[in-house]
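A structural walkthrough
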Amino acid sequence: VIKEARRLGIISYIPNKPSIALGTASLNLLEMTGAFVAIGGSGKPVIPYGIEEITNRDQKNILWKRKDPNRKPIITKKALKEMKSLLRAVVLEGTAKKLKNNSVKIIGKTGTSQKNRDAWFIGCTKDYVVGIWLGRDDDQPMNGISGSNIPINIYKNIIDKGGFK
């Protein structure tokens, strides 16, 4: 599991314990959303980035420009199809079923940490991956909040108003 997580771009510490299959490692939203790009797409990993280009003050000279990496798939077509099927089931009959009647096909996964300290949803459409996270910086529980309610509502708002395909 750790080896595959690394191939998907996860760099945070993952304890080598059986509970990691349940999602007990603490990962940040950027890492998780980046990993989902390979799963929601064609199996090619990405490294999320924020800067595409740096220019001088008058914007006439490019000092640095991000080069698109030559990425190769790291997930077999069969495994990718199975993972997408499982993530589609989350939307059709699982914890994200509030999204099943949406106008676009969505696959995704909800999550809620122990004692409701964190709640998240990562959803993929044909062209986009969006990650939603809610939590408290004092590590206290959020009563009544789970991955299947407020993060789903925020995601639905983004998809419905953003014109996503």
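This brings us to the confidence of the model for the protein. The predicted model of the protein averages 92 in pLDDT, with 99% of residues at 70 or higher. Of all the helices and strands in the protein, helix H1 (residues 2-7) carries the lowest mean pLDDT, 92, while helix H3 (residues 77-93) carries the highest, 97.

Let us now look at the sheet that holds strand E5 (residues 129-135). With antiparallel pairing, 3 strands are arranged side by side in an open sheet as E3-E4-E5. What marks the edges here is a single partner per strand, and that holds for strand E3 (107-112) and E5. Adjacent strand axes in the sheet meet at a mean angle of 5 degrees, parallel and antiparallel pairs treated alike. Pairing of strand E4 (residues 118-124) with E5, which is carried by 7 bridges, proceeds in the antiparallel orientation. Bridging across to E5, Ala 119 finds its partner in Leu 134. Where helix H2 (residues 29-40) meets the sheet, its contacts fall on E3, E4 and E5, and the angle it forms with E5 comes to roughly 150 degrees.

Right, let's talk about the environment of Gly 135 for a bit. Mapped onto the secondary structure, Gly 135 falls in strand E5. A sequence separation of 23 residues divides Gly 135 from Thr 112, and the C-alpha atoms of the two residues are 9.8 Å apart. In contact with Gly 135, not counting residues within four places along its chain, are Arg 117, Asp 118 and Met 142.

Moving on: unusual backbone geometry. One can expect most non-glycine residues to show negative phi and most peptide bonds to be in trans. Phi is positive for Gln 59, close to 60 degrees, though the residue is something other than glycine. Look at Gln 59 and you get exposed, because its relative accessible area is 63%. The backbone of Lys 115 sits at a positive phi, close to 60 degrees, despite the residue not being glycine.

So, on to the packing of aromatic side chains. Under the defined criterion, the tally for this structure stands at 1 aromatic pair. Centre to centre, the rings of Phe 121 and Tyr 155 are 4.9 Å apart; their planes meet at 75 degrees, and the pair counts as edge-to-face. Note that Phe 121 is positioned in strand E4 and Tyr 155 in helix H4 (residues 150-162), a separation of 34 residues in sequence. You can call Tyr 155 buried: its relative accessible area is 0%.

The N-to-C vectors of H2 and H3 enclose an angle of 115 degrees; their axes lie 9 Å apart at closest approach. The orientation of H2 relative to H3 falls into the category roughly perpendicular. Only Leu 80, Met 83, Lys 84 and Leu 87 of H3 make contact with H2, whose side of the interface consists of Phe 36, Ala 38, Ile 39 and Gly 40. Grouping the amino acids of the contact of H2 with H3 by side-chain chemistry returns 6 nonpolar, 1 polar and 1 charged.

Attention now goes to the pairing of E4. The buried fraction of E4 is high, at 5 of 7 residues. Where E3 and E4 come together, 6 bridges link them in antiparallel fashion. By the bridge assignment for E4, Gly 111 is matched with Trp 120. Linking two consecutive strands that pair antiparallel, namely E3 and E4, is a turn of 5 residues; a positive phi of about 60 degrees is found at Lys 115 within it.

So, on to the nonpolar core. Of all hydrophobic cores here, the largest spans 17 residues; its most connected members are Leu 8, Ile 10, Ile 14, Phe 36 and Ile 75. Those elements that place two or more of their residues in this core are H2, H3 and E4. For this core, the element with the highest residue contribution is H2, accounting for 5 residues. Excluding residues that lie within four positions of it along the chain, Leu 8 makes contacts with Gly 34, Ala 35, Ala 38, Ile 39, Ile 74 and Ile 75. If you look at the next biggest cluster of nonpolar residues, it comprises 13 residues, including Val 104, Ile 106, Ile 152 and Ile 159.

Reading the values: the criteria
Residues numbered from 1 in each chain as written. Predicted model: local features only at pLDDT ≥ 70, side-chain atom pairs only at ≥ 80, totals over all residues. Heavy atoms only, no water. pLDDT = per-residue confidence, 0-100. Helix = DSSP H or I, 4+ residues; strand = E, 2+ residues; numbered from the N terminus. Pairing = 2+ DSSP bridges. Axes fitted to C-alpha atoms, helices over the stretch in contact; angles between N-to-C directions. Contact = heavy atoms within 4.5 Å. Buried < 20%, exposed > 50% of the residue type's maximum accessible area, 1.4 Å probe, protein only. Phe/Tyr/Trp six-rings, centres within 6.5 Å; stacked < 30°, edge-to-face > 60°. Parallel < 35°, antiparallel > 145°, perpendicular 65-115°, else oblique. Nonpolar A, V, L, I, M, F, W, Y, C, P; charged D, E, K, R; others polar. Core = buried A, V, L, I, M, F, W, Y, C linked by side-chain atoms within 4.5 Å.

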